[in-house]
Amino acid sequence: MDNGCLKNDEKYQKLLEIIEVNKNVRGSLIRVLHDAQEVYGYLPIEVQKVVAEGLGIPLAEVYGVVTFYAQFTTKPKGEYRISVCLGTACYVKGSDKLLDRIQEELGIEVGDCTEDGRFSIEACRCIGACGLAPVFTVNKDVYGKKVPDDIPAIIAKYRE
Amino acid sequence: MITVEQLNEIRKNSIPKVALRKKVFETRVPELQGDISGLLKEGNEKTYRAHILCCAGTGCKSSGSDKLREEFERVLEKYGLSDEVKIVKTGCFGLCAEGPIVVVYPEDAMYCKVGIEDVEDIVTEHIMNGRIVKRLLENYAAREKEGEITEEDLEGSTFFKKQMRIALHNCGRINPEDIEEYIAIDGYQALAKVLTQMTPDDVIKVMLDSGLRGRGGAGFPTGRKWMFAKASVSDQKYVCCNADEGDPGAFMDRSVLEGDPHEVLEAMAIAGYAIGANHGFIYVRAEYPTAVERLTIAIKQAEEYGILGDNIFGTDFSFRVELRLGAGAFVCGEETALMTSVEGHRGEPRPRPPFPAVKGLFAEPTILNNVETYANVPQIILKGADWFKAIGTEKSTGAKVFALGGKIKNTGLVEVPMGTTLREVVYDIGGGIPNGKKFKAAQTGGPSGGCIPASLIDTPIDYDSLIQIGSMMGSGGLIVMDEDTCMVDIAKFFLAFTVEESCGKCPPCRIGTKRMYDILDKITRGEGELKDIDDLYELADAIKSSALCGLGQTAPNPVLSTLRYFKDEYIAHVVDKKCPAGVCKALMQYTIDREKCIGCGKCARNCPADAISKTDYVAPGHKLPSMAIDQSKCLKCGACMEGCKFGAISKK
């Protein structure tokens, strides 16, 4: 198989395995993309090419699916992914102000990654922890009922 | 494959597992009525004398319930009680605001906001000495003050008293990762009954008679959906479950999947039997990792126990369930878009007809029901259509789960009979608005619904009443807003959501919602004119009548309903250039009350824009001249107001 610009490393072997397992499952493209993103952290065009060829689906269609769904990203993310909930319950409790403060604190905008690759910010829609609104997450850690002034200390914790 | 006799055998052997929870299960498990000491001697459970149920739903997990469970294990070990007390990991109890929640049986004592430091107390006081730790009971301090505490109150919780839990009846009461607990309390009995005693037509008749309507939003009668799919002739049909709970602020389905996954699997198999399908798909949000994990475990267990698979209960009915993960697209909650997504494509809707009951997933006849709808099915089969019909109102039968959120004390999950008024939900169960603020509106139906103003708080909540007042049931998100919420800003918030989530296939939604958003943005920036309001109406009308799918057709609702009940706020933004709630930054003004200002100058020092300076005016009784804000320089950051100790600065 043509591996484009991808290095023939452990990740690549894993990707091939994922494709092999799902090759004959009907409608498995989204599942394959989820797993591939788990392996690579994001879905650069090189990965999309391998998936397209492996599943026998036109690259245009793979690209169409990747760009349609919010969970798939073609840009690498930071080591710590900060995700601020902008669902309704969090919004009426002021999560937009949390987001403003995080952007200010890190000096980057939503969707971007800091230059050192440590932090990235994204806005998400409801993680279902509305009882703790406003909520944001840093990787798998959930922070609820926070105010903008709590932000610097929380970020400092990850900076260390 | 197992037989019904084997299922009953498993049930009998598993009852000791839940026997200590007699208080909540004795009406459903006849064996638990009366003396249970005999049961406690059976099986592996013989040494236990208490169960500690720890919520492991997303809400409590976020509040640290995993660490709490470890602490319980450690402390029980320390006192040598590990063999006497069982720790059970459950799904959501509903009172997420008070999490992490722990319930101790046999007393059914519910402890709230349990911290690591409280574990020692619960073990030494409650478990070892039988004394309930009162200070941790729900809202104990306030209730005691009002003299409301009775002996009976020490057990159970007021939060649940006005609720009627049907879809949630197992949530927070069983271990969702143990199929035997589910079987012990009547799990899979409905499937057994359907397969051995009923024809598919019987099943559909029960569903029709029960009056159950879809809990996902539109409220289409479930029995009719099944009837249409059964009437379609095909070798292959599909049963789908919509667990793509995209409505921001709603988490009913997540809680059912996390707390009681087998209920949904059982219902899907019943639906499969009714319409003649042998394959099911659950389309679940990837944002719900806990739900995905528990569903995966549940499917695996059901297969291992021979309940899902070939020739179920020795009949010729076979059924398998597959999980499909969404990838973050709100439009995939729409039925045709969901099916396109399950097929692995961009989740774009397609025109109907043909309806999914004729041509759905992989172009075969398909039914799609929502998680909560399914969670009602097994009980309707077991208890009968008449039982279900007697609950709720004539046209909206049964109960409905709501996710209470926003400016309300008891944020969390509640289930109430249809026809309960909004007032009862907000005040009696929800505990009212915190911080002494006034109730302004409740939003139901998410981005497709509308706002219900305070004047209509006595409206009964059912499908038809809500439509009448310009909102809709939706999936069950209920966001409460107080006087600090700007209704124009909220309408803009929902439109921003729709603009981002519009799949782009049809122009009315793709272009129309963006235009509406631009107008709202203009109004909140203080640049609106009266004609903009007319344009909003016109656009709303055009989008509603011409968009391809439900997402677009309902997208104007948040704007229309806020215009209907809060037009004065729109006018205030447009004509007076004021935001009455003080939310829209461009329209806000910070002003200093020159009579209250003592002239200390702290605000001027705090101001990052040098917008505050001394005036010539000295208020009577003060020594220094008062300060004033130059509005042309003000950034509206609020630093002045935060720092003022004399309450002289206000925001309008």
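Residues numbered from 1 in each chain as written. Chains lettered and ligands numbered in written order. Predicted model: local features only at pLDDT ≥ 70, side-chain atom pairs only at ≥ 80, totals over all residues.

Engineer: Residue-level account of the overall build of chain B, with values.
Structural biologist: A count of helical and extended segments in chain B gives 28 helices and 17 strands. Expected size for 652 residues packed as a compact globule is a radius of gyration near 26 Å; at 28 Å, chain B falls within 12% of this value. Considering only C-alpha atoms, chain B reaches an extent of 95 × 65 × 40 Å along its principal axes. The buried share of chain B, reckoned over its 652 residues, is 54%. In chain B, once contacts between residues fewer than 6 apart in sequence are set aside, the share between residues at least 24 apart is 72%. (Helix = DSSP H or I, 4+ residues; strand = E, 2+ residues; numbered from the N terminus. Rg over C-alpha atoms; globule rule 2.2 N^0.38 Å. Buried ≥ 20, exposed ≤ 12 C-beta atoms within 10 Å, placed from the backbone. Contact = placed C-beta atoms within 7 Å.)

Engineer: Please provide a residue-by-residue account of the sheet that holds strand β3 (residues 136-138) of chain A, values included.
Structural biologist: Strands pair in a sheet through their backbones, by hydrogen bonds, and they do so in one of two ways: parallel or antiparallel. All names here are of chain A. In space, the 4 strands of this open sheet follow the order β2-β1-β3-β4, with mixed pairing throughout. For this open sheet the edge positions go to β2 (119-124) and β4 (141-143), each flanked by a neighbour on one side alone. Averaged over all pairs of adjacent strands, the angle between strand axes in this sheet comes to 20 degrees, irrespective of strand direction. Across 6 bridges, the pairing between strand β1 (residues 80-85) and β2 is parallel. (Pairing = 2+ DSSP bridges. Axes fitted to C-alpha atoms, helices over the stretch in contact; angles between N-to-C directions.)

Engineer: If you had to explain the packing of helix α12 (residues 222-231) of chain B against helix α14 (residues 261-275) of chain B to someone new, which residues and values would you point to?
Structural biologist: All names here are of chain B. The contact between α12 and α14 brings their axes to 8 Å, and the two run at 45 degrees. As the angle between them shows, α12 and α14 are arranged oblique. Residues Trp226, Ala229 and Lys230 of α12 form the contact with α14, whose participating residues are Ala271, Ala274 and Ile275. (Parallel < 35°, antiparallel > 145°, perpendicular 65-115°, else oblique.)

Engineer: Give a description of unusual backbone geometry that names residues and reports values.
Structural biologist: With an omega of -5 degrees, the peptide bond between Ala133 of chain A and Pro134 of chain A qualifies as cis. Even without being a glycine, Asp108 of chain B presents a positive backbone phi close to 65 degrees. Tracing the chain through its elements places Asp108 of chain B in the loop between β3 (102-105) and β4 (109-111).

Engineer: How would you summarise the domain arrangement of chain B if you had to cite specific residues and measurements?
Structural biologist: Taken domain by domain, chain B comprises domain 1 (14-161), domain 2 (187-389), domain 3 (399-482), domain 4 (487-574) and domain 5 (589-651). Put simply, the middle of domain 3 of chain B and the middle of domain 5 of chain B, counted by C-alpha atoms, are 40 Å apart. (Domains from an automatic or database assignment.)

Engineer: Could you give an account of the pairing of β1 of chain A, with specific residues and numbers?
Structural biologist: Two elements, β1 of chain A and β3 of chain A, share 3 bridges in a ladder whose sense is antiparallel. Looking at β3 of chain A, one finds that Val84 of chain A is bridged to Phe136 of chain A.

Engineer: For the nonpolar core, give the residues involved together with the corresponding values.
Structural biologist: All names here are of chain B. Among the nonpolar cores identified, the biggest contains 229 residues, and Cys240, Val264, Met268 and Ile270 are the most heavily contacted of them. Sort the elements by how many residues they give to this core and α14 lands first, with 10 residues. Filtering out sequence-adjacent residues up to four positions away, Val264 remains in contact with Cys241, Val256, Leu257, Val371, Tyr374 and Ala375. Judged by nonpolar contacts, the second largest core, of 13 residues, contains Cys597, Cys644, Ala648 and Ile649. (Core = buried A, V, L, I, M, F, W, Y, C linked by C-beta atoms within 7 Å.)

Engineer: Any chance you could break down the environment of Val575 of chain B for me, citing the residues and the numbers?
Structural biologist: All names here are of chain B. Mapped onto the secondary structure, Val575 falls in the loop between α26 (567-574) and β14 (590-592). Judged by the 11 C-beta atoms lying within 10 Å of it, Val575 is exposed. Separated by 37 residues in the primary sequence, Val575 and Glu538 have C-alpha atoms spaced 20 Å apart.

Engineer: Outline the sheet that holds strand β11 (residues 439-444) of chain B, supporting the account with residue identities and numerical values.
Structural biologist: Residue and element names in this part refer to chain B. Judged by pairing direction, the sheet is mixed, and its 5 strands sit side by side in the order β10-β9-β13-β11-β12 without closing on themselves. Each of the sheet's edge strands pairs with one partner strand only, and the pair in question is β10 (412-417) and β12 (450-453). In this sheet, adjacent strand axes meet at a mean angle of 30 degrees when their direction is disregarded. Two elements, strand β9 (residues 399-406) and strand β13 (residues 477-482), share 4 bridges in a ladder whose sense is parallel. Within the sheet, the bridge partner assigned to Gly406 lies in β13 and is Val480.

Engineer: Tell me what's going on with the interface of chain A and chain B, and back it up with residues and numbers.
Structural biologist: With 31 residues of chain A at the interface, the matching set in chain B holds 39 residues. Secondary structure elements with two or more residues in the side of chain A that touches chain B: α2 (29-40), α4 (59-68) and α5 (88-92) of chain A. When the residues that make up the side of chain A that touches chain B are grouped by side-chain class, the tally is 17 nonpolar, 10 polar and 4 charged. (Nonpolar A, V, L, I, M, F, W, Y, C, P; charged D, E, K, R; others polar.)

Engineer: Tell me about the confidence of the model for chain B, and name the residues and values.
Structural biologist: Residues of chain B with pLDDT of at least 70 account for 96%, and the chain-wide mean is 92. Quick note on the complex model: pTM equals 0.91, ipTM equals 0.87. (pLDDT = per-residue confidence, 0-100.)

Engineer: Go over the packing of helix α6 (residues 95-106) of chain A against helix α7 (residues 151-159) of chain A, please, and point to the residues and values.
Structural biologist: Residue and element names in this part refer to chain A. Packing of α6 against α7 leaves a shortest axis separation of 10 Å and a crossing angle of 50 degrees. Here α7 runs oblique to α6, going by the angle between their axes. Seen along the crossing, α6 lies across α7 with a hand that is right-handed. For the pair formed by α6 and α7, the contact residues are Leu98, Arg101, Ile102, Glu105 and Leu106 on the first element and Ile151, Pro152 and Ile155 on the second. Looking at the contact of α6 with α7 residue by residue, the classes come out as 6 nonpolar, no polar and 2 charged. (Left-handed = near helix turned anticlockwise from the far one by under 90°.)

Engineer: Account for the pairing of strand β7 (residues 320-325) of chain B, naming residues and giving values.
Structural biologist: All names here are of chain B. Bridge count for strand β6 (residues 279-284) against β7 is 6 bridges, and the pairing is parallel. By the bridge assignment, Ile282 is partnered in β7 with Leu323. Traced from β6 through helix α15 (residues 289-304) to β7, the parallel crossover comes out right-handed. (Right-handed = clockwise from strand over helix to strand, strands pointing away.)

Engineer: Describe the environment of Thr74 of chain A, and please don't skip the residues or the numbers.
Structural biologist: All names here are of chain A. Structurally, the position occupied by Thr74 is in the loop between α4 and β1. For Thr74, a count of 14 C-beta atoms within 10 Å gives the class partly exposed. The sequence separation of Thr74 and Arg101 amounts to 27 residues, and the corresponding C-alpha distance is 26 Å. In contact with Thr74, other than residues within four places in its own chain, are Tyr42, Leu43, Pro44 and Val66.

Engineer: Quick one: what's the story with the environment of Lys146 of chain A, residue by residue and with numbers?
Structural biologist: Residues and elements named next belong to chain A. Structurally, Lys146 is set in the loop between β4 and α7. Along the primary structure Lys146 and Lys7 are separated by 139 residues, whereas in three dimensions their C-alpha atoms are 43 Å apart. Sequence-distant contacts of Lys146, that is, excluding residues within four places in its chain, are made with Leu98 and Pro134.

Engineer: Outline helix α25 (residues 557-565) of chain B, supporting the account with residue identities and numerical values.
Structural biologist: Residues and elements named next belong to chain B. Counting buried positions over the 9 residues of α25 gives 7, a clear majority of the element. Considered for burial, the residues of α25 that qualify are Asn557, Pro558, Val559, Ser561, Thr562, Leu563 and Tyr565. The elements touched by buried residues of α25 are β12, α21 (487-501), α22 (507-524), α23 (530-546), α24 (550-554) and α26.

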